[in-house]
Amino acid sequence: LDGLDALVATGLVRQRGSRLVFEQEGIRSAALELVVGRAELQDLHRRLADAWTQLGKSSGTDVDLPVGKHRLASAAPDLALAPLLRSCRTALQEGRAVLALDVSRQASQAAEHSNLAMARVEAIQRRVEALLELDRPEEAGEALEELLHSTHMDRRTKARLRLLGADVAMALGKLDAARPLLDEAATTFEATRDRLGIIDT
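Because the structure is a prediction, the values reported are computed rather than measured. (Residues numbered from 1 in each chain as written. Predicted model: local features only at pLDDT ≥ 70, side-chain atom pairs only at ≥ 80, totals over all residues. Heavy atoms only, no water.)

Asker: How do you make sense of a nonpolar patch on the surface when you look at a structure like this?
Answerer: A grouping of Leu44, Leu48, Trp52 and Leu55 is seen on the molecular surface, where their side chains present a nonpolar patch of about 310 Å² in accessible area. Locating Trp52 in the fold gives a position in helix H3 (residues 39-59). (Patch = residues over 30% accessible without salt bridge, like charges linked within 9 Å, V, L, I, M, F, W, Y side chains within 5 Å. Areas by Shrake-Rupley, 256 points an atom, 1.4 Å probe, with all protein chains shown as cover. Salt bridge = Lys/Arg side-chain N within 4 Å of Asp/Glu carboxyl O. Helix = DSSP H or I, 4+ residues; strand = E, 2+ residues; numbered from the N terminus.)

Below, the structure is given as structure tokens:
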């Protein structure tokens, strides 16, 4: 604690809640230049992810976000994906769309590096949901278009994306465009006996 007080007393950083932040962007940039690319930085992130994981196990606290971020920064995208996607889902359920949007981008980055197509699909799906929550349907539509043309997926996943497409169309006031998307989704959900999908449609 003495060391922390001394650091804050320098005026270079200040305490914001449980975090320390740099007072000026220039100082932050200089500090980052000193450490980015160093081998020990990735090891530090790995150790931080391990510490957060242990805290989650011992306390039952939700640590998905810090674990995912540190796993990604430690060059372990495969290990980052699951906690980042869980964190994104949680943020959406809690109505924290700005956070969900940020985490969905990190999840997309992890998915790109791990070449897991379905994880990338979910990351972009969560981004679309967050953009809709933020009343940005045009951007949501663009993200959805990118997804539909970028990968192969099973029938039920396509049907889920059609539901999202209908949400985007309705948010844009294009009700005529939403109707066939809902009809197509309903047909798939009935054929696959997806009760939740039918209810959502």
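Asker: Before we go on, may I ask you to explain unusual backbone geometry in this structure?
Answerer: Excluding glycine, most residues fall at negative phi; most peptide bonds, likewise, are trans. Even without being glycine, Asp135 reaches a positive phi, approximately 60°. Of note in the backbone geometry, Arg193 takes a positive phi value of approximately 55° without being a glycine. Checked against the element boundaries, Arg193 lands in the loop between helix H10 (175-191) and helix H11 (195-200). The class of Arg193 is exposed, set by a relative accessible area of 75%. (Buried < 20%, exposed > 50% of the residue type's maximum accessible area, 1.4 Å probe, protein only.)

Asker: What exactly am I supposed to notice about the side chain of Asp194 here?
Answerer: For Asp194, the position within the fold is in the loop between H10 and H11. Within the structure, the side chain of Asp194 is placed 3.2 Å from the side chain of Arg156, a separation counted as a polar contact. A polar atom in the side chain of Asp194 sits 3.3 Å from the backbone nitrogen of Leu196. (Polar contact = N/O pair within 3.5 Å; in protein donor to acceptor, adjacent residues only side chain to side chain.)

Asker: Explanation requested: the packing of helix H4 (residues 64-73) against helix H6 (residues 97-114) in the structure shown.
Answerer: The relative placement of two packed helices is expressed as an angle between their axes plus a distance between the axes. Direction vectors running N to C along H4 and H6 enclose 35°, while the axes themselves pass 11 Å from each other. The handedness of the crossing between H4 and H6 comes out as left-handed. Taken together, the residues of H6 that come into contact with H4 (itself represented by Leu65, Lys69 and Leu72) are Leu99, Asp102, Val103, Gln106, Gln109 and Ala110. Partitioning the contact of H4 with H6 into residue classes produces five nonpolar, two polar and two charged. (Axes fitted to C-alpha atoms, helices over the stretch in contact; angles between N-to-C directions. Left-handed = near helix turned anticlockwise from the far one by under 90°. Contact = heavy atoms within 4.5 Å. Nonpolar A, V, L, I, M, F, W, Y, C, P; charged D, E, K, R; others polar.)

Asker: When you look at H10 in this model, what are you seeing that I'm missing?
Answerer: Taking 1.5 Å of rise per residue, the 17 residues of H10 would be expected to cover 24 Å, and the 25 Å separating its terminal C-alpha atoms lies within 8% of that figure. Inspection of H10 places Ala178, Leu182, Ala185, Ala186, Thr188 and Phe189 among the buried residues, and these make up the whole buried set. One side of H10 holds all its buried residues, which, seen down the axis, span an arc of 165°. Facing away from the buried side of H10 by over 90 degrees, the exposed positions are Asp176, Arg179, Thr187, Glu190 and Ala191. On the buried face of H10, the contacting elements are helix H9 (155-171) and H11. One or two positions beyond H10, positive phi appears at Arg193, with a value near 55°. (Expected span 1.5 Å × (residues − 1). Arc of directions from axis to C-beta.)

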